[in-house]
Amino acid sequence: MFTPGADGVNAPVGETDDDLIQLLTPDGERVHHQSYSPRVDHLDRVALEGLYRDMVLVRRFDTEATSLQRHGELGLWPPSLGQEAAQIGSGRAMAPRDYAFPSYRELGVVWTRGVDLRSTLHLFRGEDHGGWDPNEHNCHLYTLVIGSHALHATGYAMGVQRDGDVGTGDPGRDRAVVAYFGDGATAQGDISEALTFASVNDAPVVFFCQNNHWAISEPTQRQSRVPLYHRGRGFGVPSVRVDGNDVLASYAVTAEALERARSGGGPTFIEAVTYRMGAHTTSDDPTRYRTRADEEAWRRRDPIDRLRILLEREGTPPEFFTGLENEAEEFGAEIRDYCHAIPAPPIERIFEDVYATEQAQISSDRAWLTEYLAGFEEAAS
Amino acid sequence: MFTPGADGVNAPVGETDDDLIQLLTPDGERVHHQSYSPRVDHLDRVALEGLYRDMVLVRRFDTEATSLQRHGELGLWPPSLGQEAAQIGSGRAMAPRDYAFPSYRELGVVWTRGVDLRSTLHLFRGEDHGGWDPNEHNCHLYTLVIGSHALHATGYAMGVQRDGDVGTGDPGRDRAVVAYFGDGATAQGDISEALTFASVNDAPVVFFCQNNHWAISEPTQRQSRVPLYHRGRGFGVPSVRVDGNDVLASYAVTAEALERARSGGGPTFIEAVTYRMGAHTTSDDPTRYRTRADEEAWRRRDPIDRLRILLEREGTPPEFFTGLENEAEEFGAEIRDYCHAIPAPPIERIFEDVYATEQAQISSDRAWLTEYLAGFEEAAS
Amino acid sequence: MNEQSVSSQEQGTQRITLGKAINLGLRRAMERDPKVLLMGEDIGPLGGVFRVTDGLQKDFGSDRVVDTPLAESGIVGTAIGLALAGYRPVCEIQFDGFIFPAYDQITTQLAKMHYRSRGKSQVPVVIRVPYGGGIGAVEHHSESPEALFAHTAGLRVITPATPADAFTMIQQAIASPDPVLFFEPKARYWDKADVDVTAADQVLDAPGDVRAVVARAGTDVTIAAYGPSVTTALRAATAAESEGTSIEVIDLRSISPIDIPAVAESVRKTGRLVVVHEAPTFLGAGAEIAARISEECFYHLEAPVLRVGGFHTPYPVSKLEEEYLPNLDRVLHAVDSVLQH
Amino acid sequence: MNEQSVSSQEQGTQRITLGKAINLGLRRAMERDPKVLLMGEDIGPLGGVFRVTDGLQKDFGSDRVVDTPLAESGIVGTAIGLALAGYRPVCEIQFDGFIFPAYDQITTQLAKMHYRSRGKSQVPVVIRVPYGGGIGAVEHHSESPEALFAHTAGLRVITPATPADAFTMIQQAIASPDPVLFFEPKARYWDKADVDVTAADQVLDAPGDVRAVVARAGTDVTIAAYGPSVTTALRAATAAESEGTSIEVIDLRSISPIDIPAVAESVRKTGRLVVVHEAPTFLGAGAEIAARISEECFYHLEAPVLRVGGFHTPYPVSKLEEEYLPNLDRVLHAVDSVLQH
Ligand SMILES: Cc1ncc(C[n+]2csc(CCOP(=O)(O)OP(=O)(O)O)c2C)c(N)n1
Ligand SMILES: Cc1ncc(C[n+]2csc(CCOP(=O)(O)OP(=O)(O)O)c2C)c(N)n1
Ligand SMILES: [Mg+2]
Ligand SMILES: [Mg+2]
């Protein structure tokens, strides 16, 4: 069984860890786990191909967006490169009625919620602070203030409880919530408070922490001395550590946690051990704080590669892969076209939706700007 | 061995708990504990009498202050009644060079730091926001914003590290810090952040949590599902649960934690299980949220009574107790006299010490008030 | 819910305290809308340290009147989540000085959620904050931090001065689709007045700005005040009357927005303005009012706008609060100054 | 410490960016006083997201340049503790919008510790905050929250506008026995100017208020600005000159306190005042300035004080920030307005 850090580079906090759940090794071998393997039994080859496609398209989008940023079409982009398995695995474990609260790097999660990924470009193009309708997809907007949305997720879950949509046993009714955040976020007081509120309320919320080894330039060791999944236990929240580069294991542990949450069993804390293979954002320069060797070691644990090996072994025909390549190519072109065509927002947008109801200060500020701009037009005409 | 909650009333979170450290039962019986009993071996009868005296005088002060409040001499008073063993035990384990960061109920701790307890009256009389010189006693002022001083304690401990006063092996040099807070405080993000900062920095700080079962009207169960001492472990901070009504055990676990901290072993989290026998403050009305039976059950576990039984058994003569009664009586009279004599602060105090250096806004506000008041005097003369 | 004990069904006018008026307003709102729920520290069996939620947990249960963990960021953060799930949480912050752990959630999340989502996510959260001094309390229990919230767009900041307004405005706040900071003048909790307990219903249909009211009409000097200072302003008007000065008192009721037109209208009549609040004047709400009125009534002002408020110091020890607070004498002094200018 | 790489020992004048000037100022302060230490997210090997601490960890070690956990309350809270232990911590907040988790520690603890202890506990903590817009960033990365700190007594709030001031003022901030919020105009980080790298030494002996300076003398209109807006004000002055208007530009440099006498002196000469800042005008620093100048220069003002600043909205998406910010045209428009009044 693969042990994070066993190859000696940039070991996750806690070093070797027998508790790590893994169902698929970096070499594409299945691993049997008594309680978690049954959770992926129903995933036949077609389902696995679906997960593979998810990861490939999400990565394609990510690559395209990164390059759009390099070409000046986006102000910024936070690559999800390397974290596809954690995001797709956990996201696909959610049911449509569940609700996701992503951080700002959850491209894969947002994809599983049925959000048109191109909506994510608006934010990073400086054209929108959000980009999609959270309620249409049961997927909240990106939150940029680290950790704060874990409390929103917990509160939402408390709402689900009050709606009576927990523990009814009706799969069309019971729901749960997933809060996504990083290793760095665990240091924020809000994450701890979310664990407290979730625990004492038995709220149906899953805390999905992607430990991608870095909070910008700081390694996880700057945030915690012990493996992050210990954190949940200190708050009475059952906790599990999973290989986040293993899409099957990520799926399985999330599915189990969601089932517990939906049935009234309360929150779970999941630490998904993965690696941010790209820069923190396109503004970042990882050469200042980590080595090529580190990155290489993790490239050998690529979440997509290992599923491909499995698929090939389990009989997926080559046409599937070439077909997917073509699909990805087209997808890339669509993204570029879409991005180029995003119109600049109208000036009025500055004042829109600050309040749900008209507010005098907005009205007078808006009136001032309108008159001021009209003055220019008059002067020009 | 006494188990919290064994008598069925208002059991601490976690119910029965074999981890609870106890060296003295409510019936005054010594309990042997392999690692902690040696920590109190050097406490001879005279030392124990000293601890007893500490508790009796602190309780006397507390009773007197409560009654001064009832007579309108204080605006408020937060009784420490029932928590004397936790406070005296832990406080007496500190060396003069150690530094304490109390919350607002730590009368016993402040006493062990050599602070004239009467200084605490100033704050609650509305005459001072503090009351003593923190540096003179290595004892910070009371902090009223729940949890915030745990970070100050941690930062102070990081300062001790930078001073090189950790792990030298020189008892005249090595120092540590103790942060005091309650069960309610554990829900605050700042407490969790303090655990994180202390852990990753190996800071010489002891987190001493008095679980007195109540945060005003809320039982500990509203703050945590699991025993509070589990909390530290999730942050990689060694944690221990002690009978906080047992002065010997409180002393022993604190002494051990301090020794580890001073020698460079990093932080410890101590949960001292005790009970707030009085009201939250003199403004509070506990009959709204707890029963007499609850209070009675805890009265039977009084921290002072059990030490008295032990002392009597171990040969303390009756004269000691009567002498102490007289001393306490005199002490009470002194407190009353002192309190009555506290002069009203001068108006200039409003502006003093807002800044360490003169600041223009203060100067102009002060000048305005001075002129304004002079106007009245003129008018009157 | 225990129907028997629900007293707000009574019609007509009752003589009640400001605290009781809020209690009754909360009750009304909870009866009207099952999505309304209360959250905070000690608001359940204890009824809050000021007893404003007295009896509500008994009648509405602990799912709707929630004793939360001791963590203000957690309270507001989970309230935001509850609001996203369709609830209307009303959070109680125990004292003014303890709202700051929730400041990030209020400023970066609550205030901006509607804007960020372009109206897709409404967060109708109300945050009740007992504020102001004059009750002889220790540090952190007497502050007036309203300007620290009003400066941030997306929030509404309102504060009642009378039991009748308290009853109506708490219901307006809860009915508002925008987040509302509801500052309660704690020194006035025990003030009694007649309250028409059916009065709120009509104002709930038109959520939006809470407008200022003329608390007392006058012709010579305008005093604009809010919350606990309205009483002081009214006392000043009474005192000045005996000296032949007619003071108009405007109860602003809202700090975001500030009803500048109402103040301007009065100042165009009186030519003189004194603004009174307990918060420090330096960058307080009075600064905005003075700036705006000095601009908009440039040719109407007979004297500079004067501000009477807290000094640029932390709230002092309670033994000095009488000297610190904008008391009757200081307000009258300012009135004299603008008259003599 | 690697003496070789310590470049600040060089004497005389260097042409450097504002960011580099702060870097050099920090280095100077750390050389001067071993108790000075830096704390923040990513300030070590990365040198901060703006590289302001570039090279400092290498030279001063990780005990003095500390990469902290990702928790702003923790950063400021432990900095307070370090200050109580005799250190002079300089905290970096990564962006303006991320200071709010530390708001409680700043407002209830840092600001009040000296007062609470009647001077027994000094907390000389500096909090560096890159602030302001104009860099095309996403939400929370372009805000100007200075008024939210200046309203609270006990804090000093200062902001440099030029590399030379940045170099000197960061050292003044560190030398100050009072806590200082040091707002860095991030859009100006790359502005270059000559800086006398020995200049700071003389000002450090007299810690206290940072006074305003006349950035450009003039006679017809006064513009008071600070931080990133000083450049805009100076550009306006240049543009107006060609139309025959002489503008005096005051660089306030300090928001708490505000150097009102300096502004008043200028206004008594010009009779006209425009205040410019990026923060929303509603309850912004300009409100205090307008209120005070309208009061103190009542008979000198030929026109109402005008404020040019942010609207009462969250900072908008970056595609609209040019329209949102108080740009050259808007400043000139205000200048015209006060002239034509
Ligand atoms: C409250 C707050 N402080 C600082 C930042 C700046 N910041 C953005 S991302 C980041 C690191 C986050 O690390 P982690 O939680 O591990 O998530 P990752 O980026 O690795 O996905 C920081 C410090 C922020 N967004 N919010
Ligand atoms: C940040 C903050 N929120 C609320 C309060 C009001 N308050 C004062 S004491 C208290 C309960 C504290 O409980 P606990 O931490 O268990 O300490 P204890 O009073 O039992 O000693 C509360 C809620 C406060 N002082 N600070
Ligand atoms: Mg990370
Ligand atoms: Mg307690």
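Residues numbered from 1 in each chain as written. Chains lettered and ligands numbered in written order. Predicted model: local features only at pLDDT ≥ 70, side-chain atom pairs only at ≥ 80, totals over all residues. Heavy atoms only, no water.

Trainee: Looking at this structure, how should I read the domain arrangement of chain C?
Mentor: Residues and elements named next belong to chain C. Splitting chain C by domain gives domain 1 (15-205) and domain 2 (213-339). Between the C-alpha centres of domain 1 and domain 2 there is a distance of 26 Å. Counting residues at the interface gives 25 residues for domain 1, matched by 21 residues for domain 2. Of the roughly 1,700 Å² buried where domain 1 meets domain 2, counting both sides, 54% is carbon and sulfur surface. Taken together, the links from domain 1 to domain 2 amount to one salt bridge. In this structure, Arg-253 and Asp-165 form a salt bridge, with 2.9 Å as the shortest nitrogen-oxygen distance. If you look at where domain 1 meets domain 2, you find eleven residue pairs in polar contact (both at pLDDT 80 or more). Within the residue set of the side of domain 1 that touches domain 2, elements represented by two or more residues are α6 (147-150), β6 (156-158) and α7 (163-175). By residue number, the principal contributor to the side of domain 1 that touches domain 2 is β6, which donates three residues. Counted by class, the side of domain 1 that touches domain 2 contains twelve nonpolar, seven polar and six charged residues. (Domains from an automatic or database assignment. Contact = heavy atoms within 4.5 Å. Buried area = accessible area lost by both parts, 1.4 Å probe. Salt bridge = Lys/Arg side-chain N within 4 Å of Asp/Glu carboxyl O. Polar contact = N/O pair within 3.5 Å; in protein donor to acceptor, adjacent residues only side chain to side chain. Helix = DSSP H or I, 4+ residues; strand = E, 2+ residues; numbered from the N terminus. Nonpolar A, V, L, I, M, F, W, Y, C, P; charged D, E, K, R; others polar.)

Trainee: Honestly, the interface of chain B and chain A in this entry has me stumped. Any pointers?
Mentor: Where interface size is given, it is often the accessible area lost as the parts come together that is meant. If you look at the interface, chain B gives 22 residues, while chain A gives 22 residues. Buried area between chain B and chain A, summed over both chains or domains, comes out near 1,800 Å², and the portion from carbon and sulfur atoms is 47%. For chain B, the biggest contributors to the area lost against chain A are B:Val200, B:Arg225 and B:Gly234; these three give 30% of the whole. Its salt-bridge partner being B:Asp202, residue A:Arg225 comes within 3.3 Å of it at the nearest N-O pair. For the interface between chain B and chain A, the tally reads eight residue pairs in polar contact (both at pLDDT 80 or more). For the side of chain B that touches chain A, the secondary-structure elements that each account for two or more residues are α7 (189-201) and α8 (229-234) of chain B. Among the elements that make up the side of chain B that touches chain A, the one with the highest residue count is α7(B) (seven residues). Along the lines of polarity and charge, the residues of the side of chain B that touches chain A split into four nonpolar, twelve polar and six charged.

Trainee: What is the right way to look at the coordination of the magnesium ion (ligand 3) in this model?
Mentor: For a metal with four tetrahedral donors the ideal donor-metal-donor angle is 109.5 degrees, whereas six octahedral donors ideally subtend 90 or 180 degrees. Residue and element names in this part refer to chain A. Donor atoms from the polypeptide that coordinate the magnesium ion (ligand 3) comprise Asp-183 (OD), Asn-212 (OD1) and Trp-214 (O), at 2.0 to 2.1 Å from the metal. Counting residues between consecutive donors of the magnesium ion (ligand 3) along the chain gives the motif D-x28-N-x1-W. On the criterion of sequence distance, the pair formed by Asp-183 in the loop between β2 (177-182) and α7 (189-201) and Asn-212 in the loop between β3 (205-211) and β4 (214-215) is long-range, its members being 29 residues apart. Assessed through its relative accessible area of 1%, Asp-183 is described here as buried. (Donors = N, O, S within 2.8 Å, 3.2 Å for Na, K, Ca; no water. Buried < 20%, exposed > 50% of the residue type's maximum accessible area, 1.4 Å probe, protein only.)

Trainee: Looking at this structure, how should I read the sheet that holds strand β14 (residues 306-310) of chain D?
Mentor: Backbone-to-backbone hydrogen bonds join strands into a sheet, with any given pair of strands oriented parallel or antiparallel. Residue and element names in this part refer to chain D. If you trace the five strands from one edge of the open sheet to the other, you get β9-β11-β10-β13-β14, paired in mixed fashion. Single-partner strands in this sheet number two, and they are β9 (213-216) and β14. Each neighbouring strand pair of the sheet contributes to a mean axis angle of 25 degrees, computed without reference to strand direction. (Pairing = 2+ DSSP bridges. Axes fitted to C-alpha atoms, helices over the stretch in contact; angles between N-to-C directions.)

Trainee: How should I be thinking about the relation of the copies chain C and chain D in this particular structure?
Mentor: Both copies of the chain are placed relative to one another by a rotation about an axis and a shift along it. Taken as rigid bodies, chain C and chain D are interconverted by a rotation of 180 degrees and an axial shift of 0.0 Å, the fit giving an RMSD of 0.0 Å. What we have between these two chains is a two-fold relation. Of every C-alpha in chain C, the one belonging to C:Ala291 sits nearest the axis of rotation, 2.3 Å from it. Most of the interface of chain C is mirrored in chain D: 100% of its interface residues are interface residues there too. (Least-squares fit on C-alpha atoms with pLDDT ≥ 70 in both.)

Trainee: Would you explain unusual backbone geometry in this entry?
Mentor: Outside of glycine, negative phi angles account for most residues, and trans bonds account for most peptide bonds. Residue C:Ser256 is joined to C:Pro257 through a cis peptide bond whose omega torsion reads -5 degrees. Locating C:Pro257 in the fold gives a position in the loop between β12 (254-256) and α9 (260-270). A positive phi angle, close to 55 degrees, is found at B:Asp202, a residue other than glycine. In this fold, B:Asp202 is placed in the loop between α7 and β3 (205-211).

Trainee: Explanation requested: the environment of A:Leu81 in the structure shown.
Mentor: All names here are of chain A. As for its placement among the helices and strands, Leu-81 is situated in the loop between α1 (45-70) and α2 (84-93). Expressed as a C-alpha distance, the spacing of Leu-81 and Met-277, which sit 196 residues apart in the sequence, is 5.5 Å. In contact with Leu-81, not counting residues within four places along its chain, are Arg-59, Asp-62, Tyr-275, Arg-276, Met-277 and Gly-278.

Trainee: Help me understand the site of ligand 1 in this model?
Mentor: Within the structure, ligand 1 sits among 20 residues, and A:Tyr104, A:Arg105, A:Leu144, A:Asp183 and D:Glu72 are positioned closest to it. In this structure, an oxygen atom belonging to ligand 1 sits 2.8 Å away from a main-chain N or O atom of A:Trp214. Within the side chain of A:His280, an N or O atom sits 3.5 Å from an oxygen atom of ligand 1. For ligand 1, the accessible surface in isolation is 580 Å², of which the surrounding protein chains cover 95%. Of the residues assigned to the shell around ligand 1, the class counts are ten nonpolar, six polar and four charged. (Near = heavy atom within 4 Å. Areas by Shrake-Rupley, 256 points an atom, 1.4 Å probe, with all protein chains shown as cover.)

Trainee: How should I be thinking about the coordination of the magnesium ion (ligand 4) in this particular structure?
Mentor: Looking at the magnesium ion (ligand 4), one finds its protein donor set to be B:Asp183 (OD), B:Asn212 (OD1) and B:Trp214 (O), positioned 2.0 to 2.1 Å from the metal centre. Read in sequence order, the donor residues coordinating the magnesium ion (ligand 4) give the pattern D-x28-N-x1-W.

Trainee: Before we go on, may I ask you to explain the pattern of salt bridges in this structure?
Mentor: Pairs can form between side chains of opposite charge whenever their charged atoms are close. Taken as a whole, this structure holds 96 salt bridges over all chains when the rule is applied. In this structure, C:Asp59 and C:Arg27 form a salt bridge, with 2.9 Å as the shortest nitrogen-oxygen distance. In this pair, C:Asp59 sits in helix α2 (residues 56-60) while C:Arg27 sits in helix α1 (residues 18-32), placing the two residues 32 residues apart along the sequence. By the burial criterion, C:Asp59 is buried, and C:Arg27 matches it. A salt bridge links C:Arg128 to C:Glu92; its shortest N-O distance comes to 2.8 Å. Here the residue C:Arg128 occupies a position in strand β5 (residues 126-131), and C:Glu92 occupies one in strand β4 (residues 88-92), the gap between them amounting to 36 residues. Both residues of the pair, C:Arg128 and C:Glu92, count as buried. Salt bridges sharing partners connect three or more residues here, namely A:Arg60, A:Glu64, A:Glu329 and A:Arg336.

Trainee: Looking at this model, I keep getting lost on the sheet that holds strand β7 (residues 268-273) of chain A. Mind explaining?
Mentor: Residues and elements named next belong to chain A. Strand order across the open sheet formed by five strands is β1-β2-β3-β7-β6, with parallel pairing between neighbours. Only two strands of the sheet have a single partner each, and these edge strands are β1 (99-101) and β6 (239-243). When the angles between neighbouring strand axes are averaged without regard to direction, this sheet yields 20 degrees. Judged from the six bridges that link them, β2 and β3 form a sheet pairing that is parallel. From the neighbouring strand, Val-178 faces β3, where its bridge partner is Val-206.

Trainee: Whenever I open this one, the environment of D:Leu56 confuses me. Can you help?
Mentor: Residue and element names in this part refer to chain D. By the secondary structure assignment, Leu-56 is in helix α2 (residues 56-60). The class of Leu-56 is buried, set by a relative accessible area of 0%. On a C-alpha basis, the gap between Leu-56 and Met-30 in space is 9.3 Å, while along the polypeptide they are 26 residues apart. For Leu-56, the contacting residues outside a window of four places in its chain are Asn-23, Leu-26, Arg-27, Leu-38, Gly-61 and Val-65.

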